[in-house]
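Structural characterization, general
Here is how the chains run, residue by residue.
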Amino acid sequence: MGGVAGMRGRQTVRGMFQSLAVIMVAAGVMYLFIPHDEDADPVKAKDYRVELLTAQRAAPYPVLAPEGLGEGWKATVVSYRREQNDRWQLGFLTPDTQYAALYQSTAEPKKYVPEVTQQAKASGKTRTVAGQVWQVWEGAKYDALVRTEGRATTVVTGTASLDRLAEMAGALRSKKA
C-alpha cells in the first residue's frame, strides 16, 4: 500500500514542477513583449506655479517657495488651505530620495509645528541659513528648521538630513503680490 502513496506523491511533485515551468515560461514571454522603460521616472514632478500664485495672492503673509534647488529635487505635494489658518504646504523628494517639505501657517506655533513635524520637539539649538536664524527641532521621524516672522510660522521638515533641510531653507524666496 505504501508504494502507491509514494508514487502518487512523486507524481504530485513532478506535476507541480511542470506547472511551475509553464508559469515561468509564460512570465518570461510576457516580460519580453510588454514594453518597460528602466529609465522611466517613477515619481512625476508636480508643477506648482498656479497653486503658488494663488497662495501668494490669498495668504496674509509672504508665501515662500524654493528657487534654484539643484538637480534631482522633485515637487510631489502642494496645497494651500485658507480655512486651515492659511496653511501652505510644498513637499519635495530630495536627490537622495528623502522627503523635505515646506509648511507655512498663521496657526499657533506650539500646536502647528508638532503637527507638521510628526511630533518633533524644540532642541534649543539654532542654525543660521542664508543669514537667517532657524530653531532646530528634532524628532523620531522628522527633524525640522522653524522660524516665526510676523504672523506666519515657516517649517522646513521631513525625513531628509538637516543639511538637506538647510539647503531647502536657504533657497526659499517670496514673490508676494
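Now for a description of the structure that goes with this document. (Residues numbered from 1 in each chain as written. Predicted model: local features only at pLDDT ≥ 70, side-chain atom pairs only at ≥ 80, totals over all residues. Heavy atoms only, no water.)

All right, on to the packing of aromatic side chains then. Going through the model one piece at a time under the given rule, you end up with three aromatic pairs. Ring centres of Tyr-99 and Tyr-142 lie 6.4 Å apart, and the angle between their planes is 45°; on these two criteria the pair is classed as tilted. Here Tyr-142 lies in the loop between strand E6 (132–138) and strand E7 (143–149) and Tyr-99 lies in strand E4 (residues 99–105), a separation of 43 residues in the sequence. Residue Tyr-99 is classed as buried on the basis of its relative accessible area, which comes to 17%. Grouping aromatic residues by their ring pairs yields a cluster made of Tyr-48, Trp-73 and Phe-92. The ring of Trp-134 is capped by Arg-147, whose NZ or CZ atom sits 5.6 Å from the centre of that ring. (Phe/Tyr/Trp six-rings, centres within 6.5 Å; stacked < 30°, edge-to-face > 60°. Helix = DSSP H or I, 4+ residues; strand = E, 2+ residues; numbered from the N terminus. Buried < 20%, exposed > 50% of the residue type's maximum accessible area, 1.4 Å probe, protein only. Lys NZ or Arg CZ within 6 Å of the ring centre and 35° of its normal.)

With that settled, consider the pattern of salt bridges. Counted by the stated rule, this structure contains eight salt bridges. The partner of Arg-87 in a salt bridge is Glu-115, with the nearest N and O atoms 2.7 Å apart. Of the two residues, Arg-87 is situated in strand E3 (residues 87–93) and Glu-115 in helix H3 (residues 109–116); the sequence distance between them amounts to 28 residues. According to the relative accessible area criterion, Glu-115 is partly exposed, its value standing at 48%. (Salt bridge = Lys/Arg side-chain N within 4 Å of Asp/Glu carboxyl O.)

Right, let's talk about the pairing of E6 for a bit. Looking at chain direction, strand E5 (residues 121–129) and E6 are connected through seven bridges and run antiparallel. The residue of E6 that forms the bridge with Ala-122 is Trp-137. Where E5 folds back on E6, the antiparallel hairpin that results is connected by two residues, among which Ala-130 adopts a positive phi of roughly 50°. Two strands pair when backbone bridges link them, and E6 and E7 are joined in this way by three bridges, in the antiparallel orientation. Each bridged residue has a counterpart across the sheet, and for Val-136 the counterpart in E7 is Leu-145. Connecting the antiparallel pair E6 and E7 is a turn made up of four residues. (Pairing = 2+ DSSP bridges.)

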